[in-house]
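# Architecture and fold: a report
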Amino acid sequence: MKITEQVWQFSQPIVKSLGCRLWDVEYVREGGEWYLRLYLDKDGGVDINDCEAVSRAVDPVLDEKDPIPESYHFEVCSAGLERPLKRPSDFEQFMGHQVLVKLYQPKKGRKELHGTLTGYDDGRVTLEAAGETLTFEKQEVALVRLYVEF
């Protein structure tokens, strides 16, 4: 089982008990250092107190379970306004919202398109953009995230 899956399994009930939802678990190497990040969500938004409470509650469990052999930095953050959509439940939750789709290869001369999310089926993403319906196959899509215009 992947590290992120293990951490999700034991962190999710802790996060839920503190009034938040676990949005994502990420284990990445950046600048020669490893980072384990928990991304949180909750109605009304996540604040620094939520992140601190979850960090304090999950940290001893990480020490006990010890799913990561090398040293790493542990961070707890908000999923953010422009969070990536990864799981089918993410797409379902944000159906009808504005999203940005990043592609591996250009389509219609562009690698990034934004519009209204209108469909998701087994990795296939459909959106309405400029009066046009666009569908992208799973293997074409590098990233889908919420799009917020400021």
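Residues numbered from 1 in each chain as written. Predicted model: local features only at pLDDT ≥ 70, side-chain atom pairs only at ≥ 80, totals over all residues. Heavy atoms only, no water.

## Focus on the nonpolar core
Ranked by internal contacts, the top residues of the largest apolar core, which has 20 residues, are Leu-36, Leu-38 and Leu-40. Elements that contribute at least two residues to this core include exactly helix 1 (3–17), strand 1 (21–30), strand 2 (33–41), helix 2 (48–65) and strand 3 (73–78). The element contributing the most residues to this core is helix 2, with five residues. Leu-36 has contacts with Val-7, Val-25, Glu-26, Tyr-27, Leu-62, Ile-68, Tyr-72, His-73, Phe-74 and Glu-75, leaving out every residue within four places of it along the chain. Listed in part, the 19 residues of the second largest apolar core include Leu-113, Val-125, Val-144 and Leu-146. (Core = buried A, V, L, I, M, F, W, Y, C linked by side-chain atoms within 4.5 Å. Buried < 20%, exposed > 50% of the residue type's maximum accessible area, 1.4 Å probe, protein only. Helix = DSSP H or I, 4+ residues; strand = E, 2+ residues; numbered from the N terminus. Contact = heavy atoms within 4.5 Å.)

## Points about the sheet that holds strand 1
Sheet strands pair via backbone hydrogen bonds, and the direction of the pair is either parallel or antiparallel. Pairing is mixed in the open sheet, where three strands are placed in the order 1-2-3. Each edge of the open sheet carries a strand with a single partner, namely strand 1 and strand 3. Neighbour-to-neighbour, the strand axes of the sheet open up by a mean angle of 20°, direction not taken into account. Relative to strand 2, strand 1 is paired through nine bridges, and the arrangement is antiparallel. What sits directly across from Glu-30, in strand 2, is Glu-33. (Pairing = 2+ DSSP bridges. Axes fitted to C-alpha atoms, helices over the stretch in contact; angles between N-to-C directions.)

## Comments concerning the sheet that holds strand 7 (residues 132–136)
Here five strands make up an open sheet; going across it, the order is 7-6-5-4-8 and the pairing antiparallel. In the strand order of this sheet, the two ends are held by strand 7 and strand 8 (141–146), each with one partner. Strand-to-strand, the axes of this sheet are offset by a mean angle of 40°, without reference to chain direction. With five bridges connecting them, strand 6 (residues 124–129) and strand 7 associate as antiparallel partners. Residue Ala-129 lies in a different strand from strand 7, and its bridge partner there is Glu-132.

## Overview of the environment of Glu-137
Relative to the assigned elements, Glu-137 resides in the loop between strand 7 and strand 8. A residue is classified by how much of its surface remains accessible, and Glu-137, at 31% relative accessible area, is partly exposed. The spacing of Glu-137 and Tyr-120 is 17 residues in sequence and 10.0 Å in space, taken between C-alpha atoms. What Glu-137 contacts, discounting residues up to four positions off in sequence, is Gly-123 and Arg-124. At 3.1 Å, the side chain of Glu-137 and the side chain of Arg-124 are in polar contact. (Polar contact = N/O pair within 3.5 Å; in protein donor to acceptor, adjacent residues only side chain to side chain.)

## Thoughts on the UniProt feature "domain: Ribosome maturation factor RimP N-terminal" (unreviewed entry) in the chain
The UniProt feature table records "domain: Ribosome maturation factor RimP N-terminal" (unreviewed entry) at residues 12–82. As annotated, residues 12–82 comprises 34% helix and 35% strand, and the C-alpha atoms at either end are separated by 22 Å. (UniProt positions renumbered as here; feature names shortened; annotations may be inferred.)

## Side note on the UniProt feature "domain: Ribosome maturation factor RimP C-terminal" (unreviewed entry) in the chain
UniProt annotation of "domain: Ribosome maturation factor RimP C-terminal" (unreviewed entry) refers to residues 85–150 when read in the numbering used here. Across residues 85–150, helical content stands at 9% and strand content at 59%; the span's end C-alpha atoms are separated by 20 Å.

## A word on the pattern of salt bridges
Under the definition given, this model contains 15 salt bridges. The salt bridge partner of Arg-37 is Glu-26, with a shortest N-O separation of 3.0 Å. In this pair, Arg-37 sits in strand 2 while Glu-26 sits in strand 1, placing the two residues eleven residues apart along the sequence. For Glu-26, a relative accessible area of 22% gives the class partly exposed. We note a salt bridge from Arg-37 to Glu-75, for which the minimum N-O separation is 2.6 Å. Taken together, the residues Arg-37 in strand 2 and Glu-75 in strand 3 connect sequence positions 38 residues apart. Looking at Arg-37, the relative accessible area reads 10%, which means it is buried. What emerges from the salt-bridge pattern is a single network uniting Arg-21, Asp-41, Asp-43 and Arg-83. (Salt bridge = Lys/Arg side-chain N within 4 Å of Asp/Glu carboxyl O.)

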